[in-house]
Amino acid sequence: METTERTTSNAAGWRPRPVVAGLFGLFLLTGCAGDSPSALNPGGTGATRVAGLWWLLFWISVAVFVEVMALLVWALVFRRGNVRVRHGQPLRFVTIAGAAIPFVILVAVYGVGLRDLAALGAAPARDAPTVEVTGHTWWWEVRYAGASGATANEIHIPVGEPVRVRLRTDDVLHSFWVPQLMPKTDLISGETRETWLQAERAGSYRGQCAEYCGTQHAHMAFLVVAQPRAEFDAWLARLNAAARAPQTDAERRGQQAFVQGTCAGCHSIRGTGAQGKVGPDLSDVGSRWSIGAGAVPNDAGHLGGWIANSQTVKPGNAMPPQPVPAAQLPDLIAYLRSLE
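As the structure is a prediction and not an experimental result, all values here were calculated from the model.

1. Some details on the nonpolar core
The biggest cluster of nonpolar side chains holds 31 residues, and the ones touching the most others in it are Tyr144, Ile155, Phe176, Leu197 and Val224. Ile269, Trp306, Tyr335 and Leu339 belong to the second-largest nonpolar core, a separate cluster that totals 19 residues.

Here is the structure:
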């Protein structure tokens with residue numbers, strides 16, 4: 001009986017709050033993964049300015065917090081007792097510490113903010129490379145001024161050079177954001193907006209639609225690939241050329257299945273009879289970083305599942321299930337994966 005009462009008492013006294021708080025803390029820490037794009041880990045000129053302003057505000061906040069805590073401790077510990085305060089001393093302290101110093105800090109921060117805002121809004125030179133990006137539900141169409149071809153969900157830029165980006169939406173509101181390179185730019189229907197990108201080191205920078213645009217908003221990602229100028233020029237030349245020709249019997253059968261099937265009604269592949277304009281250009285689909293704008297990795301298994309029924313991978317997207325015969329599917333996968 002005593003054991004039962006003790007157990008009941010312990011159960012009644014147990015509170016889930018510490019456990020819930022701990023789990024919530026762990027949940028928040030999952031956002032600190034090393035591969036998560038962070039504006040505080042800048043890789044370009046624009047994001048460097050944003051990060052610098054953020055750190056300035058952070059350290060000012062830390063200094064104010066430390067000062068307030070020090071004054072609180074001083075008031076509670078060292079100012080106890082009957083201490084007489086001279087007339088005018090509190091007013092002078094409040095005027096200096098509570099008004100004059102904050103005013104100077106705010107004016108300085110405002111000036112730095114205006115400087116950075118002007119720098120972020122400055123347009124690149126006229127001869128800068130120009131990329132035209134169109135937001136669709138839910139993927140990004142990417143075209144280059146003077147180039148005949150297009151790609152999707154992947155933007156290539158030369159390292160160390162500003163690149164003009166012209167943005168528009170084909171449907172609902174979207175927002176173009178590459179945290180490590182540049183702040184957000186909203187895409188508004190009927191308008192062409194402009195921003196610019198400049199990466200200071202080679203690498204891949206993940207971007208994301210930052211405006212809720214429907215059920216698959218989370219799967220509307222893209223990749224900015226910064227590469228040396230020679231590599232960028234070679235990539236751009238491939239964008240103007242015909243897609244890679246089939247090299248094996250399986251690839252040739254796959255190309256035939258693509259051109260003669262339903263795929264060609266929506267997609268295009270340069271140099272073939274497939275000239276669809278509804279979906280992404282697939283001329284270099286084999287080299288892209290993902291399938292479905294970040295929905296799944298770009299490998300044979302996921303590609304086959306996407307072709308057969310993309311609604312099981314990314315529900316609500318515009319591509320209906322495809323009636324591809326099982327015997328043709330491996331050849332079609334082989335052909336699409338060869339397109340680099």
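And the narrative resumes.
2. Some thoughts on the sheet that holds strand 5 (residues 163–169)
Taken together, 5 strands build an open sheet; the order of strands is 3-2-1-5-8 and the sheet is mixed. Where the open sheet ends on each side, the last strands, each with one partner, are strand 3 (150–152) and strand 8 (193–197). Going from strand to strand, the sheet's axes swing by 30° on average, the running direction of each strand aside. Pairing geometry for strand 2 (residues 139–144) and strand 3, over 3 bridges, is antiparallel. Bridge pairing links Val142 to Thr151 in strand 3. Contacts from helix 5 (residues 229–240) reach strand 2 and strand 3 within the one sheet, and its direction differs from that of strand 2 by about 100°.

3. So, the pattern of salt bridges
By the definition in use, this model includes 13 salt bridges. Here Asp116 and Arg49 are joined by a salt bridge, their closest N and O atoms 2.8 Å apart. Residue Asp116 is found in helix 4 (residues 89–121), and its partner Arg49 is found in helix 3 (residues 45–78); the two are separated by 67 residues along the sequence. Given the relative accessible area of 5%, Asp116 is considered buried.

4. Digging into the packing of aromatic side chains
Under the counting rule described, the total for this entry stands at 10 aromatic pairs. Between Trp55 and Trp59, the aromatic rings sit 6.4 Å apart at their centres with planes inclined by 25°, giving stacked as the arrangement. A residue pair is termed a helical-turn pair when its members lie 3 or 4 positions apart in one helix, as Trp55 and Trp59 do in helix 3 at 4 residues. Exposure remark for Trp55: the relative accessible area of 35% places this residue in the partly exposed category. Arranged with centres 5.2 Å apart and planes meeting at 65°, the rings of Trp140 and Phe222 form a pair that is edge-to-face. A residue pair is termed long-range when its members are at least 10 positions apart, and Trp140 in strand 2 and Phe222 in strand 10 (residues 221–227) qualify at 82 residues. For Trp140, a relative accessible area of 1% translates into the label buried. The ring of Trp177 is capped by Lys184, whose NZ or CZ atom sits 4.7 Å from the centre of that ring.

5. So, the pairing of strand 7 (residues 182–187)
Sheet topology note: the strand 6 (residues 174–178)/strand 7 ladder contains 4 bridges and is antiparallel. Its bridge partner being in strand 7, His174 is matched across the sheet by Leu187. Between strand 6 and strand 7, which pair antiparallel one after the other, the connecting turn spans 3 residues.

6. Things to note about the state of the cysteines
If you walk through the whole model with that rule in mind, you get 0 disulfides. Between Cys209, a cysteine without a disulfide, and Cys213, which holds the nearest cysteine sulfur, the sulfur-to-sulfur distance is 3.9 Å. By relative accessible area, Cys209 is classed as buried at 1%. A relative accessible area of 9% means that Cys213 is categorised as buried.

7. Observations concerning the sheet that holds strand 6
Strands pair in a sheet through their backbones, by hydrogen bonds, and they do so in one of two ways: parallel or antiparallel. An order of 4-10-9-6-7 is seen for the 5 strands of this open sheet, with the pairing classed as mixed. Across the chains shown, the open sheet's two edge strands, defined by having one partner strand only, are strand 4 (154–158) and strand 7. Pairs of neighbouring strands in the sheet enclose a mean axial angle of 20°, with direction left out of account. Sitting on the sheet, helix 5 is in contact with strand 4 and strand 10, with an inclination near 135° to strand 4.

Cut-offs used in this document
Residues numbered from 1 in each chain as written. Predicted model: local features only at pLDDT ≥ 70, side-chain atom pairs only at ≥ 80, totals over all residues. Heavy atoms only, no water. Core = buried A, V, L, I, M, F, W, Y, C linked by side-chain atoms within 4.5 Å. Buried < 20%, exposed > 50% of the residue type's maximum accessible area, 1.4 Å probe, protein only. Pairing = 2+ DSSP bridges. Helix = DSSP H or I, 4+ residues; strand = E, 2+ residues; numbered from the N terminus. Axes fitted to C-alpha atoms, helices over the stretch in contact; angles between N-to-C directions. Contact = heavy atoms within 4.5 Å. Salt bridge = Lys/Arg side-chain N within 4 Å of Asp/Glu carboxyl O. Phe/Tyr/Trp six-rings, centres within 6.5 Å; stacked < 30°, edge-to-face > 60°. Lys NZ or Arg CZ within 6 Å of the ring centre and 35° of its normal. Disulfide = S-S within 2.5 Å.

Purely geometric stuff here, so don't read any function into it on its own.
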